[in-house]
Amino acid sequence: MHQSFFEEAGGSKVMTKVGNLVQGALQGYLVDKKTYDSCINNRGQLKDPKVAALFDADGHGKADLAGCVPGWGCERIIEHQLDEYKLRDTVTHNQGEYNAIIADTIARLKTGNPVLLLHLGPLLGFWCAGPWQRCRLAVPYTSQPDGKKADTTINGKNTGFPVDNIRVVARNNFLAKNPAARKLFELVTIPVNDVSEENMLIKKGEKSMSDIDRHVDGWIEKHRSQYESWLKAVRSASK
């Protein structure tokens, strides 16, 4: 999703993508289960003004999509698909601070109103995405910005977004001078569900530095053998 940013910042001449810190980050458009079960299951249906109006949160007659932070990679995909699927007349892409947008969306959901949002896994975590997994919209067909090719089908459904990996990007000169750091970036992996669980803990209020440090210590203990193997490899690389 951030390949264009990578290329615009100098690409492989300047930087290297190292390792796969988090694998299997899902994204896509979600609606509430009640609306999904009423046979609204494809984003292309939002071309119908009557369907779009179901998700109108401010009375302007268009669907309100709780979308992406300005400047993020998901913004390019959403904006491209609004044009590609001819949804500009019926859908408004609401942007801003992601957590605030999602909090407003959850509040609307709790009142029984239909909601439409972009799910950025694992940022939303289990506290939002878990109950909505069956409510992911399909898209009419695959279309990515800048002519990019991607497999956007997940479990037989075309979600419009490829499954992404979260990777470390580092300057080439830094990696050349710091082989231990490079080895660490290559080896460290965190299961995507662990990231979601951490976000859930933060949402529940465990967000102070002491809370985060406790979470980290607990994670290390659960993965002690793997953690020690990383440190051994890193120390060897630094010799």
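Residues numbered from 1 in each chain as written. Predicted model: local features only at pLDDT ≥ 70, side-chain atom pairs only at ≥ 80, totals over all residues. Heavy atoms only, no water.

J.: Hey, could you go over the side chain of Asp56 for me, with residue numbers and the actual values?
T.: Assignment of secondary structure puts Asp56 in the loop between helix H3 (49–53) and strand E3 (63–66). Of the side chains with opposite charge, Arg108 lies nearest to the buried Asp56, which makes no salt bridge, at 6.7 Å. A polar contact of 2.9 Å, which involves the side chain of Asp56, links it to the backbone nitrogen of Gly59. A distance of 2.7 Å separates the side chain of Asp56 from the backbone nitrogen of Gly61, its partner in a polar contact. Filtering out sequence-adjacent residues up to four positions away, Asp56 remains in contact with Gly61, Lys62, Ala63, Asp64 and Arg108. (Helix = DSSP H or I, 4+ residues; strand = E, 2+ residues; numbered from the N terminus. Buried < 20%, exposed > 50% of the residue type's maximum accessible area, 1.4 Å probe, protein only. Lys, Arg positive; Asp, Glu negative; His and termini not counted. Salt bridge = Lys/Arg side-chain N within 4 Å of Asp/Glu carboxyl O. Polar contact = N/O pair within 3.5 Å; in protein donor to acceptor, adjacent residues only side chain to side chain. Contact = heavy atoms within 4.5 Å.)

J.: Mind laying out helix H5 (residues 98–110), listing which residues take part and the relevant values?
T.: An ideal rise of 1.5 Å per residue puts 18 Å on 13 residues; H5 measures up with 18 Å between its terminal C-alpha atoms. Among all positions in H5, only Tyr98, Ile101, Ile102, Thr105, Ile106 and Arg108 are buried. Along H5, the residues classed as buried sweep out an arc of 160 degrees about the axis, all on the same side. Among the exposed residues of H5, those pointing more than 90 degrees away from its buried face are Asn99, Asp104 and Lys110. Two residues or fewer past H5, Gly112 is found with a positive phi of approximately 90 degrees. (Expected span 1.5 Å × (residues − 1). Arc of directions from axis to C-beta.)

J.: Please set out the state of the cysteines residue by residue, giving values where relevant.
T.: In the structure shown here, the tally under the stated rule is one disulfide. Bridging Cys68 to Cys74, the disulfide has an S-S length of 1.8 Å. On the sign convention where negative means left-handed, the S-S torsion of about 65 degrees between Cys68 and Cys74 marks this disulfide as right-handed. Among the residues examined, Cys68 registers a relative accessible area of 0% and is labelled buried. (Disulfide = S-S within 2.5 Å.)

J.: Which residues make up the pairing of E3, and what values go with them?
T.: Both faces of E3 are covered, namely the face carrying Ala63 and Leu65 and the face carrying Asp64 and Ala66. Where E3 and strand E4 (residues 91–94) come together, four bridges link them in parallel fashion. For Ala63, the partnering residue across the bridge sits in E4 and is Val91. With two bridges connecting them, E3 and strand E5 (residues 116–120) associate as parallel partners. When the bridges of E5 are listed, Ala66 appears paired with Leu117. (Pairing = 2+ DSSP bridges.)

J.: Explain the packing of aromatic side chains residue by residue, including any values.
T.: Inspection of the entire model under this criterion finds four aromatic pairs. Between Tyr29 and Phe161, the ring centres sit 5.4 Å apart and the planes meet at 65 degrees, which makes this aromatic pair edge-to-face. Of this pair, Tyr29 sits in strand E2 (residues 27–31) while Phe161 sits in the loop between strand E7 (157–158) and strand E8 (164–171), and the two are 132 residues apart along the sequence. Classification of Tyr29 by relative accessible area gives buried; the value is 0%. Phe161 sits in the buried class, given a relative accessible area of 0%. (Phe/Tyr/Trp six-rings, centres within 6.5 Å; stacked < 30°, edge-to-face > 60°.)

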